[in-house]
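# Observations on the three-dimensional arrangement
Given next are the chains, with one letter for each unit.
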Amino acid sequence: AKPKKKRKPGRLAAVVVALVAALFIGSAAFAAAMVQPYLAERATIEVKVKVARAAANAITTLWSYTPENMDTLADRAGRYLTGDFGAQYRKFVEEKVVGPNKQLKITNSTEVTGVAGESLEGPHASGIVYTNTTATTPLKKNIPSLQYLSYRMSMKREGDRWLVTRMTPITSLDVTPQL
C-alpha cells in the first residue's frame, strides 16, 4: 500500500482566494458598466431641469413689471439674456414698453404654466415655455387682459448659467373679457 500524499493547504487557499478575487473584480466591473448609463442619464436630467428653471425665470422677469419698477426692467431681464438678443430686448423695452406702459400705468404679470425641453447639445439647449400673462391698467378699471402665450427659447450655457439667445413666440391667444 502506497502512502497517501498530503496536499499542501496553502495551494488550495491560493486557488480559493484567486477565484474569489476574480468574482469580485468581475462583479464590480459589471456593476460599474450598469451604473454608468444611469449616472449619465441623471446628469442629463439635472441639466434639463436647470435649463427649464432658467427659461421660466427669464420669461417671468422679461414680461412682469409695474409702473413703479418698469424703469429697471431691462436691467433685471438682462441677467437672463445674452448676445444680440439681449441688446434687442433692451432696445425694445426702452423704446416701446417703458414710455407707453408707464403712462398708461400698466401692470404686467406673467406666470409660467409649463416648460417642455426640445434639445440639449453641449452648451446649447432649446425648449418651449407656456405662460399666462395678465395686464391691468386703471384706465380700464383694472379689468385684466388675459393672454395665453408660448415661446420657443434658445439657450446657451455661459459658465454655470443658462442664458436666452433667442425667444420666438409660438402661440398667442387673447382671452380678455369683452365688455
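For the structure, check the block above.
Notes on the structure in this doc start here. (Residues numbered from 1 in each chain as written. Predicted model: local features only at pLDDT ≥ 70, side-chain atom pairs only at ≥ 80, totals over all residues. Heavy atoms only, no water.)

### Some thoughts on the overall build of the protein
Counted only if it meets this: We count a stretch as a helix when DSSP gives it H or I for four or more residues in a row; a strand needs E for two or more, and each element gets its number in order from the N terminus. In this treatment the radius of gyration is a C-alpha quantity, and the globule benchmark scales as 2.2 Å times the residue count to the 0.38 power. Each residue is assigned to one of three classes by its accessible area relative to the maximum for its type, calculated with a 1.4 Å probe on protein chains only: buried under 20%, partly exposed between the two thresholds, exposed over 50%. By definition, residues are in contact when any of their heavy atoms lie within 4.5 Å.
The number of helices and strands found in the protein is three helices and four strands. When the helices and strands of the protein are listed from N to C terminus, the series reads α-α-α-β-β-β-β. Its C-alpha atoms give the protein a radius of gyration of 30 Å, more than 25% over the compact-globule value 16 Å for 179 residues. In terms of overall dimensions, the protein has a C-alpha envelope of 120 × 35 × 25 Å along the principal axes. In the protein, buried positions account for 27% of the 179 residues. In the protein, the proportion of contacts linking residues at least 24 apart, taken out of those at least 6 apart, comes to 55%.

### Details of the side chain of Thr133
As a reminder of what qualifies: Identification of polar contacts relies on pairs of N or O atoms within 3.5 Å, with a donor-acceptor requirement for protein atoms, meaning one able to donate a hydrogen and the other able to accept it, and with residues adjacent in sequence counted only if both atoms are side-chain atoms.
Relative to the helices and strands, Thr133 resides in strand 2 (residues 124-136). Separated by 3.1 Å, the side chains of Thr133 and Thr110 make a polar contact.

### Here we look at the packing of aromatic side chains
Here a ring pair, both rings aromatic, is described through the centre-centre distance and the interplanar angle of the planes. We count it as follows: Classification of ring pairs rests on two measures: the distance between centres of Phe, Tyr or Trp rings, Trp counted by its six-membered ring, which must be within 6.5 Å, and the angle between planes, read as stacked under 30 degrees, edge-to-face over 60 and tilted in between.
Following the criterion strictly, the structure yields two aromatic pairs and no others. With a centroid separation of 6.3 Å and 80° between ring planes, the pair formed by Trp63 and Phe92 is classed as edge-to-face. You can see Trp63 sitting in the loop between helix 1 (9-62) and helix 2 (73-78) and its partner Phe92 sitting in helix 3 (residues 83-103), a full 29 residues away along the chain.

### Concerning the sheet that holds strand 3 (residues 145-158)
Test applied: Here, strands pair whenever DSSP counts at least two bridges between them. For every element, the axis is a line fit to its C-alpha atoms; helices are fit only across the contacting stretch, and the angle between N-to-C directions ranges from 0 to 180 degrees.
With antiparallel pairing, four strands are arranged side by side in an open sheet as 1-2-3-4. Of all the strands in the sheet, just strand 1 (107-121) and strand 4 (161-174) have a single pairing partner and so form its edges. Recorded for the sheet is a direction-independent mean angle of 20° between the axes of neighbouring strands. Looking at chain direction, strand 3 and strand 4 are connected through twelve bridges and run antiparallel. Bridge pairing in strand 4 links Ser150 to Thr171.

### With respect to the pairing of strand 3
A regular strand carries its side chains on alternate faces of the sheet. Examined bridge by bridge, strand 2 and strand 3 share twelve bridges and lie antiparallel to one another. Residue pairing for strand 3: Ala125 is matched across the bridge by Met155. Hairpin connection between strand 3 and strand 4: a loop of two residues separates the two successive antiparallel strands, and Gly159 in this loop has a positive phi of roughly 70°.

### Some details on the side chain of Thr61
Looking at the element boundaries, Thr61 is found in helix 1. Excluding residues within four positions of it along the chain, Thr61 makes contact with Leu73, Arg76, Ala77 and Tyr80.

### A few points about a nonpolar patch on the surface
Under the convention used in this document: Surface patches are defined over residues having more than 30% relative accessible area and no salt bridge, joining like charges when they lie within 9 Å and nonpolar side chains (Val, Leu, Ile, Met, Phe, Trp, Tyr) when within 5 Å. Computed by Shrake-Rupley with a 1.4 Å probe, the accessible areas treat only the displayed protein chains as cover when residues are assessed. Definition used for salt bridges: Asp or Glu carboxyl oxygen within 4 Å of a side-chain nitrogen of Lys or Arg.
Taken together, the side chains of Leu12, Val16 and Val20 make up a nonpolar region of the molecular surface, amounting to roughly 280 Å² of accessible area. Mapped onto the elements, Leu12 comes out in helix 1.

### What about the nonpolar core?
This is how the line gets drawn: Throughout this description, the term nonpolar core refers to a set of buried Ala, Val, Leu, Ile, Met, Phe, Trp, Tyr and Cys residues connected via side-chain atoms within 4.5 Å.
Counting residues in each nonpolar core, the largest one holds 30 residues, and the members touching the most others are Leu62, Tyr89, Met153, Met155, Val164 and Met167. Secondary-structure elements contributing two or more residues to this core are helix 1, helix 2, helix 3, strand 2, strand 3 and strand 4. No other element matches the six residues that helix 1 contributes to this core. Not counting residues within four places of it along the chain, the set of residues in contact with Tyr89 comprises Leu62, Trp63, Leu73, Ala74, Ala77 and Leu81.

### Quick look at unusual backbone geometry
The backbone phi angle of Lys141 is positive, close to 55°, even though this residue is not glycine. Tracing the backbone through its elements, the reader meets Lys141 in the loop between strand 2 and strand 3. Of note in the backbone geometry, Asn142 takes a positive phi value of approximately 55° without being a glycine. Among the secondary structure elements, Asn142 is positioned in the loop between strand 2 and strand 3.

### Section: the environment of Ile128
As for its position among the elements, Ile128 is in strand 2. Filtering out sequence-adjacent residues up to four positions away, Ile128 remains in contact with Gly114, Val115, Ala116, Glu118, Ser150, Tyr151, Arg152 and Ile170.

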